[in-house]
Amino acid sequence: MTPFTTLSGIAAPMPLVNIDTDMIIPKQFLKTIKRSGLGVNLFDEMRYDDAGNEIETFVLNQPAYREASILVAGDNFGCGSSREHAPWAIADFGIRCVISTSFADIFYNNCFKNGILPIVLPEDQRDALLKDAEKGANARIAVDLDAQTVTSSDGEVYSFEVDAFKKHCLMNGLDDIGLTMEKAAAIDTFEAQAGSARPWV
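Residues numbered from 1 in each chain as written. Predicted model: local features only at pLDDT ≥ 70, side-chain atom pairs only at ≥ 80, totals over all residues. Heavy atoms only, no water.

Chemist: Quick one: what's the story with the packing of aromatic side chains, residue by residue and with numbers?
Modeler: With the rule as written, the count across this model stands at six aromatic pairs. With a centroid separation of 5.9 Å and an interplanar angle of 55 degrees, the aromatic rings of Phe43 and Phe58 are classed as tilted. With Phe43 in the loop between helix 1 (21-24) and helix 2 (44-47) and Phe58 in the loop between helix 2 and strand 2 (70-73), the pair connects residues that are 15 residues apart, well separated along the chain. Given a relative accessible area of 9%, Phe58 falls into the buried group. Summarising the aromatic geometry, the rings of Phe103 and Tyr108 are spaced 5.8 Å apart at their centres and angled 45 degrees between planes, so their arrangement reads as tilted. By the burial criterion, Phe103 is buried, and Tyr108 matches it. Site record: aromatic cluster; members linked through ring pairs are Phe77, Phe103, Phe107, Tyr108 and Phe112. (Phe/Tyr/Trp six-rings, centres within 6.5 Å; stacked < 30°, edge-to-face > 60°. Helix = DSSP H or I, 4+ residues; strand = E, 2+ residues; numbered from the N terminus. Buried < 20%, exposed > 50% of the residue type's maximum accessible area, 1.4 Å probe, protein only.)

Rendered as structure tokens:
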């Protein structure tokens, strides 16, 4: 997993509330077990018409936001079913950070396991960043995970809270497999000892 330390990028404003995981990645794209290739279908039903053409008014189809790496969203982002394909699609598109006032718990935890930083801010601060994001590609928002700050294009600094263990994992690029592999030497030692003590197993 790619470590997350700092990020400076274009933020796309998406003030809709209750964006659920089916809106993030519709059910017909859940057949794959690969983490790559889903970015093209991120927000598919809002992004394309029935003929597969881009809807020009959708924020990520606008030239200013095609390279967005931060999403500033409405309340209760990631609600609905617990599909891990949702953070897979977000990450594959290139978004590394989502800022909202609240997240669904399962989606929130899945973000950390897939290299995405979900940031919870009070409504007034989130709204200020939404307004900042509306400036387009010329306005870049900076995120510093170590300092736990978000800095607007105008230099306003907002602090956020994050669980220390989740922070450690994200900064060091450790998903569940990575955490296990940190114990590889101890696992090998145990297996060798167990094999000697119980050769019949």
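That covers the picture; the talk isn't over yet.
Chemist: Lay out the pattern of salt bridges with the relevant residues and their values.
Modeler: Once their charged atoms are close, side chains differing in charge can pair, the charge on each being opposite to the other. Under the defined criterion, the tally for this structure stands at six salt bridges. Arg126 is the salt-bridge partner of Asp127, the closest N and O atoms lying 2.8 Å from each other. For Asp132, the salt bridge identified is with Lys135, shortest N-O distance 3.2 Å. Relative accessible area serves as the criterion here: at 43%, Lys135 is assigned to the partly exposed category. One salt-bridge network, held together by shared partners, links Asp75, Arg126 and Asp127. (Salt bridge = Lys/Arg side-chain N within 4 Å of Asp/Glu carboxyl O.)

Chemist: Break down the nonpolar core for me, with residues and values.
Modeler: Ranked by internal contacts, the top residues of the largest apolar core, which has 53 residues, are Phe43 and Phe77. Residue assignment for this core shows that the elements contributing at least two residues are strand 1 (6-14), strand 2, helix 3 (85-93), strand 3 (97-100), helix 4 (105-112), strand 4 (117-120), helix 5 (123-133) and strand 5 (140-144). Each residue touching Phe77, except ones within four places of it in the same chain, is listed here: Ile19, Ile24, Phe43, Leu71, Ile90, Val98, Ser100, Ser102, Phe103, Ala104 and Phe107. (Core = buried A, V, L, I, M, F, W, Y, C linked by side-chain atoms within 4.5 Å. Contact = heavy atoms within 4.5 Å.)

Function cannot be inferred from these measures alone, as they are strictly geometric.
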